[in-house]
Amino acid sequence: MILAPSILAADLSRLGEELRAVERGGASLVHVDVMDGRFVPNISLGPVIVEAVRRSCSLPPDVHLMIEDADRYLDAFVDAGAASVSVHVEAMPHLQRAIAYLRSRGVRPGVALNPSTPLATLEEILAEVDFVLVMSVNPGFSFQKFLPPVLDKIRRLARLVAERGLPVQIQVDGGVNRDNVRAVVQAGVDIVVAGAAAFGGGDPEAATRALIEAAGA
Ligand code: DX5
Ligand code: ZN
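Residues numbered from 1 in each chain as written. Chains lettered and ligands numbered in written order. Predicted model: local features only at pLDDT ≥ 70, side-chain atom pairs only at ≥ 80, totals over all residues. Heavy atoms only, no water.

> Please clarify how the sheet that holds strand β5 (residues 108-113) should be interpreted in this entry.
Judged by pairing direction, the sheet is parallel, and its eight strands sit side by side in the order β1-β8-β7-β6-β5-β4-β3-β2 without closing on themselves. A strand with exactly one partner marks an edge of an open sheet, and here the two such strands are β1 (2-5) and β2 (30-35). Neighbour-to-neighbour, the strand axes of the sheet open up by a mean angle of 25°, direction not taken into account. Relative to strand β4 (residues 84-88), strand β3 (residues 61-66) is paired through four bridges, and the arrangement is parallel. Within β4, the position partnered with D62 by the bridge is S84. Contacting β4 and β5, helix α4 (residues 95-104) crosses the sheet at an angle of about 150° to β5. (Pairing = 2+ DSSP bridges. Helix = DSSP H or I, 4+ residues; strand = E, 2+ residues; numbered from the N terminus. Axes fitted to C-alpha atoms, helices over the stretch in contact; angles between N-to-C directions. Contact = heavy atoms within 4.5 Å.)

This is the structure we're talking about:
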């Protein structure tokens, strides 16, 4: 299991320390949530934060774009140092072009799905992505509750990926904590995003370690 703490829930006045703490705790990626106040009802982080992540620790930035017109900003995030970038199928009329472009720029491309977006929307793109981000809350904020029906969606996606023999990883994002992390990993998740569960308790190093241990994989 790969753990990607989401800095949306971190104390941004101490970003460097927070990042180095989760790195010591065993995190493998840093999840950066980008919101535009249009696709989702919140405004958050941009390319300058991705650069700051690069300068503060050695963990690769994993950028989750929750924005409209994402095509206009792909270069900015790649140039800032993104290692992987996910775009939402709901916000991308020319999804294939964006995925192919990200790959041509040397980053790992992923597609993200809101909780109510069916897996069927992946049909024509699944073979071209490195990972699928399955939202387990409606995007916009950290500290929300995991939506239980998403577990079955993850299982069905894992089956689909296995049936097709694709090297596609499954990422889960939203409301994952020590109590449910094992269930999501058993359902087939490879990459776990954790905001509140990593940064919400005041000791991100211990919280990261505890999450990885609780995942048991
Ligand atoms: C939600 C974001 C998530 C969020 C996760 O819109 O995409 O990455 O920060 O935070 P928790 O783990 O607190 O739900
Ligand atoms: Zn996210």
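Additional details are given in the paragraphs that follow.
> When you look at the coordination of the zinc ion (ligand 2) in this model, what are you seeing that I'm missing?
By definition of the ideal shapes, four donors in a tetrahedron about a metal sit 109.5 degrees apart, and six donors in an octahedron sit 90 or 180 degrees apart. Protein ligation of the zinc ion (ligand 2) involves H31 (NE2), D33 (OD), H64 (ND1) and D173 (OD), the donor distances falling in the range 2.0 to 2.3 Å. In this structure, the zinc ion (ligand 2) is surrounded by six donor atoms whose angles at the metal cover 70 to 169°, and the resulting shape is octahedral. Expressed as a motif, the donor residue spacing for the zinc ion (ligand 2) is H-x1-D-x30-H-x108-D. With a gap of 33 residues between them, H31 in strand β2 and H64 in strand β3 connect regions that are remote in the sequence. Across this residue pair, the class does not change: H31 and H64 are buried. (Donors = N, O, S within 2.8 Å, 3.2 Å for Na, K, Ca; no water. Tetrahedral: all angles 85-135°; square planar, octahedral: opposite > 155°, others 65-115°. Buried < 20%, exposed > 50% of the residue type's maximum accessible area, 1.4 Å probe, protein only.)

Shape is all these values report; function is a separate question.
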